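# What the coordinates show
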Amino acid sequence: MGWGIYEADAVAGRKVDIRLAGRLLSLLRPHAGFLFLVFLILLLESGTKLVQPYLVKVAVDRHISAGDPEGLLNIVLVFVLVLVFGFLLSYVQANMIQRLGQRILHDLRVRLFAHIQELPVAYFDRTPVGRTLARVTSDVQVIHELLTAGAVAVVGDVVLLVGIVVVMLAIDWRLALLAYAVAPFLAAATVLYKRKARAGFRKERETNADLTAVLSETLAGVETTKVLAREAGAFGRVRDANQRHLKATLATVLAISLFYPAVEFLGALAVALLVGAGGVWVVGGAVTLGSLVAFIQYVEKFFAPVKDLSEKYAIIQSAMAAGERVFGLLDTPQEEKPARPRVPDPLRGEVVFDSVSFSYDRGEPVLADLSFSVAPGERVAVVGATGGGKSTVAKLILRFHDPTAGRILLDGVDLREVPPRWIRERIGFVPQDFFLFRGTIADNVRMAHGEITDERIRDVCRIVRADDFIRALPGGYSAPVAERGATFSTGQKQLLAFARALAADPRLLILDEATASVDSETEALIHEAMDALLAGRTSITIAHRLSTIIKSDRILVIHRGRLVESGTHAELLARGSVYARLYELQFRPGENVPPAASRA
Amino acid sequence: MILSTIRWLLRELPGLKRTLFLGAAASLVGSAFAVAAPLALRAAIDRMTGGGLDGAAMLKALAALAAVIALLALGEGVFRFSARWLLVSQARIQEHAVRERMVRRLLGLPLSFFHRSPSGDLMARLTNDPSSLQHLIGVGMLGLSNTVLVFAMSVAMMAVLSPSLALMVLVPFPFIAVMINRVGKSVYARFRAVQDHYGVLTDRVQENLSGIRVVKAMVRERAEEEEFAALSREYMRRSLLLTRAQAAVIPGIGLLAGLGLGMILYVGGRMVISGSLTLGTFVAFNAYLAMLVWPAVSLGWVLNLVQRAAVSLERIREVEAEAAEETDEGGEPFRQGDIDVSHLTFAYPGAASCALSDVTLSIPAGKTIGLVGPTGSGKTTFVRLILRLYDVPAGSIRVGKTDLGRISRSSLRAEAAVVSQEPFLYSDTLAANISFGREDAGPEEIEEAALLAGLKPDLETFPKGLETVVGERGVTLSGGQRQRAALARALVRRPRLLILDDPFSALDAETEEAILARLREEVGRLKTPGNGGENGTTVILVAHRVSAVRACDWICVFDGGTIAARGTHEELLGRDGFYRDMARRQQIEENLGIRD
């Protein structure tokens, strides 16, 4: 992201637009058969429109002028039949297009959503939720409008226009050429309009993006604005962007306002030509009166869609903008899937960090040359200061990110070769903040493992001491989760998180211990549950409670991204180094703590 | 509903009435030209079929009539252009005016409003809703005036030309009216149903995006996709119900009007055969009927616009109906003085439990007080209340004997400055951001503030120093850089009350210490004469590190919305409790640090 993006947008030329249009149209490809049917109906419908003036011609020439009331009745009946048929076709066609459009809209939305699920965590780290949200909701909607109101209608219009030109030539070539005399002017007006509108719409699009950004910024920063008492300044920013957008839209409004009446005028000019010159031919007998009447109607039918073209152009323009954004998101690379996936199956649960370094996009290293190994079945605690890189260890094992240097081995297999999903399915993960999804308690424990029976869920919950409070809920295991679990206490959420992790019977557990304090009773419950959970499995706990740490087989002390010490509790104590001091400080209350400022 | 929408527009939007009138007048003249054209056509055809003119005279007559048709069209074009330009440009102007008016309103609403309104929804109200009003005022009103005028005039002309035929042709039109009315109602209901579900869909995506890391860790992607697909399918179903109702309208109107055409063809044709109608009149009738069809079609479309606009207006008015923060009139100016808080209890609107309960404390003017405590213990709420971002019971907070509720907000906020943990910067230059609270600040002052805030080393890495654009369109600042920029923004205001709400969480302890030391010096110098300013600046410092609050005159420990302990650093260290635990924990961290 940088300043460049808007300038690039401004110069993005015709080529980009054509490629984009191609991609937008490709959304229709899977529905080619259905589309073909729609066009067939469109063709027939255009036919009914084309026939009407011709029937009027026949009625005038053969029956009215000839004084034949019976024949007239027949023609009128045919006329009405054609009308009803045309109505039915147009109704069916409109429904089919809408069905198609909604289908495409649905497919695109679901496809986008699925794509988003597969994006790497780094994408979510840097993209505000609102922006991604707009892609799936409003942008997709605009594209739908293009495909239905725009693309299909334009094809229908073109079919009708070509049909009118051909039919006019077939009925009377002299009158036809007379009517076509205004065509060059029409072409000139259209080209002129397109040139003006193209630049205008682009400007409108840019100022609109600007306005949207300023508006959302104003909402995001409202607290700051208020405490700085700068409402006037914030308002001024909105007003400027708003006025710039207004100015841009007025330019396109002017273009449309001129184009509309100009096209209407040209249509009337064609009628005037038909009446003046054509009239002379009628009097001379070279052309029938019926033909003249029919031609006047054809001219009207010809100019109506041309007039609407300007409106469709506007739709197409905004859809292009939306398309650019949607395809931009679809082009964002997903989480990498290893080319030749290898999985350690069955998983024993051995984890090795081999000189692992890691840093975010543009930051200082979070982990630097970190090496350690965890044997199958071992219970390891990771301790260290906040921001020292402990949580990153968990994120790397879950493959939210990959190491910048070095490698992580799972049962001897480099994690880069293991599909992220495979890992996450097999690792029990207890996050710091437990996130409850919509659904029941049982759903939340079962999560992605649909094969787990209700029986098993109850067993698991009993093991982690969650059974008691769940059964006390109205509905028990079928109790719905409201407001993302806001009604549960911290301790209850913790137990549920344990249950969720245990349900799949994982070989390897990663726990990011919650920092929030709970009462001592809950604390005891959590400890019991944790013992039950960790028994017989490999576990790596990002630990905040010293009691958790002491029970571990081995303790890794990580500071500023490096391993400073490791060993069992007893070993580390005996060594009398960093961990020993840490322990000392935690477990010898009452002693005077020297002033914190003793830092050199 | 339609009338009340239009009435609101006319009442609330200045200048609209006049433009609507002018636009309708232009549309009237344009329509008159349009309706006159078939008369010329009729004359021409009657000349052609009537005979009685010799070649040259005929040629002349037809040429003259053709010229008349062209001129009428020119006149029509000029006035149609005027009408369109007047109405549509006015609509755009009003759309933008409504947006500005809403933003002005929004900025005056209390913070509690923004905490309960999802910003996505507010954005929709600021963007889509004014634009649907614009559609109604512009193309809607244009269509409506053209429709009504052309309709009335063509019917009048038909009645003059042949009353009996006119009556017959008009037979289908009452059916059209009934149909539009019927369909209109179900369209409105179905439209609402679609809009509502759109909200559900949006909400679902938002939840998914917010919890995406958990979704991934739990391998919930498939389940999420399935749930989303089901919601999306439901949206499709509702949309199709809506379009099914709409799909019949326009072709249906076309059909009914077309039946009128058939009627002319047959009845009019017979009248021509029997000699009671000229062929010219017959053709003119055809032209008039064609003029009727389009208005009838566009009426359905205008109705749709009106319905959408009515829904939008409802949403706009919901925002406008929100009660603004009380005005400042009659408020007393902020005077520097001791801040006395007594028995302050506060709960956020709609929250079940209190964020603060029975807090009593006194902050002497010019002193620096530290607030510590676990997350969620009420520290941030406390400073929000001091700033009157939420209202508190009368008497619970006083500044120099004056009740906080009586001090004008603007004066309070002009004298106070806040730096929060996650400060917000605008997409603008750093200099503009720093001087955002004080546009009159000179470049030296800005520079000095940046220096004080410890922003100097960062500036050297930026392409244009203080003129670097930051935020979404520019350089992305790190959390620490943003905090320092916000501190500079606060300092440039030379505040009498400086609130630092954990502003250095993203910095390491050394940097924090250095900035605080400079800050203490600066605050010591911030004494201004008058209004109690000679007492210096009062500082409230919320922090998570003992090292940050050590030097404070006084430290309060918050816990669960109450003050658990208070005293100086040394006093608190001497007692069991949160403060000493915190000091010890940080001591450990520091000791660990000694190793590298």
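Note that this is a predicted model, so its numbers are computed, not measured. (Residues numbered from 1 in each chain as written. Chains lettered and ligands numbered in written order. Predicted model: local features only at pLDDT ≥ 70, side-chain atom pairs only at ≥ 80, totals over all residues. Heavy atoms only, no water.)

## Some words on the confidence of the model for chain B
- Taken residue by residue, chain B gives an average pLDDT of 85. The fraction at 70 or more is 94%.
- Here helix 21 (residues 578-594) of chain B is the element of chain B with the lowest mean pLDDT, 71, and helix 3 (residues 55-107) of chain B is the one with the highest, 93. (pLDDT = per-residue confidence, 0-100. Helix = DSSP H or I, 4+ residues; strand = E, 2+ residues; numbered from the N terminus.)

## Some remarks on the sheet that holds strand 2 (residues 356-363) of chain B
Residue and element names in this part refer to chain B.
- Within the open sheet, the four strands sit side by side as 2-1-4-5. Their pairing is antiparallel. What marks the edges here is a single partner per strand, and that holds for strand 2 and strand 5 (402-403).
- Bridge count between strand 1 (residues 339-346) and strand 4 (residues 397-399): three bridges; the pairing is antiparallel. The partner of Ile-339 across the bridge, within strand 4, is Val-399. (Pairing = 2+ DSSP bridges.)

## Description of the packing of aromatic side chains
- This structure, assessed with the given rule, holds 16 aromatic pairs over all chains.
- Relative to Phe-124 of chain A, the ring of Tyr-123 of chain A lies with its centre 5.1 Å away and its plane at 85 degrees, an arrangement referred to as edge-to-face. An identical accessibility class is assigned to Tyr-123 of chain A and Phe-124 of chain A; each is buried.
- Centre to centre, the rings of Phe-353 of chain A and Phe-372 of chain A are 4.6 Å apart; their planes meet at 15 degrees, and the pair counts as stacked. Of this pair, Phe-353 of chain A sits in strand 1 (residues 351-359) while Phe-372 of chain A sits in strand 2 (residues 365-374), placing them 19 residues apart in sequence. Each member of the pair, Phe-353 of chain A as well as Phe-372 of chain A, carries the same accessibility label: buried.
- Taken together, the aromatic side chains of Phe-346, Tyr-348 and Tyr-390 of chain B make up a single cluster linked through ring pairs. (Phe/Tyr/Trp six-rings, centres within 6.5 Å; stacked < 30°, edge-to-face > 60°. Buried < 20%, exposed > 50% of the residue type's maximum accessible area, 1.4 Å probe, protein only.)

## Let's talk about the state of the cysteines
Residue and element names in this part refer to chain B.
- On inspection of all chains with the given rule, the structure shows zero disulfides over all chains.
- For Cys-552, which is in no disulfide, the shortest distance to another cysteine sulfur is to Cys-556 and amounts to 10 Å.
- With a relative accessible area of 0%, Cys-556 lands in the buried category. (Disulfide = S-S within 2.5 Å.)

## Things to note about the packing of helix 10 (residues 231-284) of chain A against helix 2 (residues 16-50) of chain B
- At a closest axis distance of 10 Å, the pairing of helix 10 of chain A and helix 2 of chain B adopts a crossing angle of 20 degrees. With respect to helix 2 of chain B, the axis of helix 10 of chain A lies roughly parallel. The way helix 10 of chain A lies across helix 2 of chain B gives a crossing that is right-handed. Contact with helix 10 of chain A, carried on its side by Val-275, Gly-279, Val-282 and Val-283 of chain A, involves Leu-41, Ala-44 and Met-48 of chain B of helix 2 of chain B and no other residues of that element.
- Classifying every residue of the contact of helix 10 of chain A with helix 2 of chain B by side-chain character gives six nonpolar, one polar and no charged. (Axes fitted to C-alpha atoms, helices over the stretch in contact; angles between N-to-C directions. Parallel < 35°, antiparallel > 145°, perpendicular 65-115°, else oblique. Left-handed = near helix turned anticlockwise from the far one by under 90°. Contact = heavy atoms within 4.5 Å. Nonpolar A, V, L, I, M, F, W, Y, C, P; charged D, E, K, R; others polar.)

## Concerning the environment of Val-275 of chain A
- Positionally, Val-275 of chain A belongs in helix 10.
- For the pair Val-275 of chain A and Leu-27 of chain A, spaced 248 residues apart in the sequence, the C-alpha separation amounts to 47 Å.
- Ignoring anything within four residues of it in the chain, the contact list for Val-275 of chain A reads Ile-296 of chain A together with Leu-41, Ala-44, Met-48, Leu-62 and Ile-69 of chain B.

## What to know about helix 7 (residues 173-180) of chain A
All names here are of chain A.
- Within helix 7 the residues assigned to the buried category are Leu-175, Ala-176, Leu-178 and Ala-179. Relative to the axis of helix 7, the buried residues are bounded by an arc of 160 degrees and lie together on one face.
- Against helix 6 (129-171), helix 10 and helix 11 (289-331) lie the buried residues of helix 7.
- You can read the cap of helix 7 off the contacts: a side-chain oxygen lies 3.0 Å from the backbone nitrogen of Arg-174, and it is on Asp-172. (Arc of directions from axis to C-beta. Polar contact = N/O pair within 3.5 Å; in protein donor to acceptor, adjacent residues only side chain to side chain.)

## Quick notes on empty space enclosed by the protein
- Overall, the coordinates contain five cavities of 30 Å³ or more when judged by the stated rule.
- Of the volumes computed, that of the largest cavity is approximately 150 Å³.
- Along the wall of the largest cavity there are 18 residues; nearest its centre are Arg-424, Ile-427, His-449 and Arg-500 of chain A together with Met-218 of chain B.
- Looking at the lining of the largest cavity, the elements with two or more residues in it are helix 13 (420-426), strand 6 (427-430), helix 14 (441-446) and helix 17 (490-503) of chain A.
- Here the lining of the largest cavity is composed, by residue class, of 11 nonpolar, two polar and five charged.
- There is about 80 Å³ of room inside the second largest cavity.
- Together, Arg-438, Glu-445, Glu-448, Ala-449, Leu-452, Leu-491, Val-492, Arg-494 and Glu-522 of chain B line the second largest cavity.
- Broken down by element, the lining of the second largest cavity gets its largest block of residues, four residues, from helix 15 (residues 443-452) of chain B.
- Tallied by class, the residues present in the lining of the second largest cavity amount to four nonpolar, no polar and five charged. (1 Å grid on protein atoms, 1.4 Å probe; cavity = no way out; pocket = protein on both sides within 12 Å on 5 of 7 lines; lining within 4 Å. Points joined across faces, edges and corners; volume = space filled by probe spheres on them.)

## Regarding the interface of chain A and chain B
- Counting residues at the interface gives 147 residues for chain A, matched by 137 residues for chain B.
- In this assembly, chain A packs against chain B so that about 13,400 Å² is buried in total across both faces, 69% of it on carbon and sulfur atoms.
- Connecting chain A to chain B are six salt bridges.
- For Glu-221 of chain B, the salt bridge goes to Arg-421 of chain A, with nearest N and O atoms at 3.4 Å.
- Where chain A touches chain B, the interface holds 20 residue pairs in polar contact (both at pLDDT 80 or more).
- Among the elements that take part in the side of chain A that touches chain B, helix 10 of chain A stands out by supplying 31 residues, more than any other.
- By residue class, the composition of the side of chain A that touches chain B is 81 nonpolar, 35 polar and 31 charged. (Buried area = accessible area lost by both parts, 1.4 Å probe. Salt bridge = Lys/Arg side-chain N within 4 Å of Asp/Glu carboxyl O.)

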